[in-house]
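Residue-level structure breakdown
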Amino acid sequence: MEKHGPETYGELNADVYDEWHDIDPTEAVRFLAELIKEGPPGPVLELAVGTGRVTIPLAAEGVDLRGVDASEAMVARMRAKPGGNRIPVVIGDMADVDPGTDDQFAMVFVVFSTFFFLMTQEEQVRCFANVARRLLPGGRFVLECPMPDVARYDREQRVEAHQVGLDHVRLTAVRHDPVEQRFEGHHVLITNGGIRLAPAFMRYAWPSELDLMARLAGLESSGRWGGWRGEKFSGEGNYVTVYEKPATPAS
């Protein structure tokens, strides 16, 4: 897609993001808050803070939370919510892991499927490396990821209806590139007033590939679960992975 950049998704989806992705953050906040207590003292960084779905309630737990996001429109939505304007956020590419300081972090995390908005393997590897560089010894990198479900695609494409009403239809239309491991698609809202397109392009990675990225960055696997409640990972749906920076460098 021409002129597609790190900010594209947020800039074109900010006004409908919370409505279209109405997900209860309670379990994610509880999981992250408990993990923070177990780690070294220090600030916490969220990559791609978005509209603050997890950011704001986690900061309300007393966490020294910072953020980075490529989309000014998404961050503006967060800052308009109660408590959102008190969280320092830098506008930038999450692969750079740059909150505007040289701080080291007790935890870096990215939720939903947002890590995969980094559109190349090179960008994803760079993100892991930069996270590892900024983590304190014993610090954690936490990712919530969707398990790729390539069997859903007929002839490497899929159209799915999410809402059907008297005056509107909301669809997703996606094409799958198995070589580049990419989903390229749109949210499509059709109403009596016209058609709205909101692009959502992703470069997915398998769990074993994420493990290799972590290993290249010097991080160690600390656990993988089938969700924020600590369910057993079954290889389906969204899952949570935790990587840890060793307290002492490997010899």
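One structure accompanies this document, and this report is about it. The shown structure was predicted, so the numbers you read here are calculated from the model rather than taken from an experiment.

All right, on to the packing of aromatic side chains then. A full pass over the atoms with the stated rule returns ten aromatic pairs. With a centroid separation of 5.2 Å and an interplanar angle of 70°, the aromatic rings of phenylalanine 31 and tryptophan 228 are classed as edge-to-face. Highlighted residues: phenylalanine 31 in helix 3 (residues 26-38) and tryptophan 228 in the loop between strand 10 (220-225) and strand 11 (238-244), separated in sequence by 197 residues. You'll find phenylalanine 31 and tryptophan 228 in the same group, each marked buried. On the basis of an interplanar angle of 85° and a centroid distance of 5.6 Å, the ring pair of phenylalanine 115 and phenylalanine 128 is categorised as edge-to-face. In this pair, phenylalanine 115 sits in the loop between strand 4 (105-110) and helix 6 (121-134) while phenylalanine 128 sits in helix 6, placing the two residues 13 residues apart along the sequence. When its relative accessible area of 0% is taken as the criterion, phenylalanine 115 is described as buried. Judged by its relative accessible area of 0%, phenylalanine 128 is buried.

Here we take up helix 3. In this model, helix 3 (13 residues) spans 19 Å end to end at C-alpha, consistent with the 18 Å of a helix rising 1.5 Å per residue. Listing the buried residues of helix 3 in full gives Ala28, Val29, Phe31, Leu32, Ala33, Leu35 and Ile36. Elements in contact with the buried residues of helix 3: strand 1 (44-47), helix 4 (55-59), strand 4, strand 5 (135-146), strand 10 and strand 11.

Time to look at unusual backbone geometry. Residues other than glycine seldom take positive phi values, yet phenylalanine 112 does so here, at roughly 60°. You can see phenylalanine 112 is positioned in the loop between strand 4 and helix 6. By relative accessible area, which is 18% here, phenylalanine 112 ends up buried. If you check the backbone angles, arginine 155 has positive phi at about 55° while not being a glycine. Relative to the helices and strands, arginine 155 is located in the loop between strand 5 and strand 6 (157-164). Given a relative accessible area of 69%, arginine 155 falls into the exposed group.

All right, on to the sheet that holds strand 3 (residues 89-91) then. If you trace the seven strands from one edge of the open sheet to the other, you get 3-2-1-4-5-11-10, paired in mixed fashion. The open sheet terminates on both sides in strands that have one partner only, identified here as strand 3 and strand 10. For this sheet the average axis-to-axis angle between neighbouring strands, irrespective of direction, equals 15°. Inspection of the sheet shows strand 4 paired to strand 5 by five bridges, in the parallel sense. When the sheet's bridge partners are listed, valine 108 is paired in strand 5 with phenylalanine 141.

So, about the pattern of salt bridges. Evaluated as defined, the whole model comprises 15 salt bridges. Among the ionic pairs, glutamate 38 bridges to arginine 140, the shortest N-O distance being 3.9 Å. In this pair, glutamate 38 is assigned in helix 3 and arginine 140 in strand 5, connecting sequence segments 102 residues apart. The exposure class of glutamate 38 is exposed, given its relative accessible area of 56%.

Taken together, the side chains of Ile190, Ile195 and Leu197 present a nonpolar region at the surface, about 290 Å² in accessible area. As for its position among the elements, isoleucine 190 is in strand 8 (residues 182-191). Residue isoleucine 190 is classed as partly exposed on the basis of its relative accessible area of 32%.

Right, let's get into the pairing of strand 11. Most of strand 11 sits inside the fold, with five of its seven residues counted as buried. Relative to strand 11, strand 10 runs antiparallel, the two sharing five bridges. When the sheet's bridge partners are listed, arginine 224 is paired in strand 11 with threonine 241.

Moving on, we come to the nonpolar core. Ranked by size, the top nonpolar core spans 29 residues in total, and within it Leu47, Phe115, Phe128, Phe141 and Leu210 carry the most contacts. Secondary structure elements with two or more residues in this core: strand 1, strand 4, helix 6, strand 5, helix 7 (207-216) and strand 11. What phenylalanine 115 contacts, discounting residues up to four positions off in sequence, is Met94, Val110, Gln124, Cys127, Phe128, Leu143 and Leu210. Grouped together as the second largest cluster of nonpolar side chains are 19 residues, Leu35, Val63, Trp228 and Val240 included.

Criteria and thresholds
- Residues numbered from 1 in each chain as written.
- Predicted model: local features only at pLDDT ≥ 70, side-chain atom pairs only at ≥ 80, totals over all residues.
- Heavy atoms only, no water.
- Phe/Tyr/Trp six-rings, centres within 6.5 Å; stacked < 30°, edge-to-face > 60°.
- Helix = DSSP H or I, 4+ residues; strand = E, 2+ residues; numbered from the N terminus.
- Buried < 20%, exposed > 50% of the residue type's maximum accessible area, 1.4 Å probe, protein only.
- Expected span 1.5 Å × (residues − 1).
- Contact = heavy atoms within 4.5 Å.
- Pairing = 2+ DSSP bridges.
- Axes fitted to C-alpha atoms, helices over the stretch in contact; angles between N-to-C directions.
- Salt bridge = Lys/Arg side-chain N within 4 Å of Asp/Glu carboxyl O.
- Patch = residues over 30% accessible without salt bridge, like charges linked within 9 Å, V, L, I, M, F, W, Y side chains within 5 Å.
- Areas by Shrake-Rupley, 256 points an atom, 1.4 Å probe, with all protein chains shown as cover.
- Core = buried A, V, L, I, M, F, W, Y, C linked by side-chain atoms within 4.5 Å.

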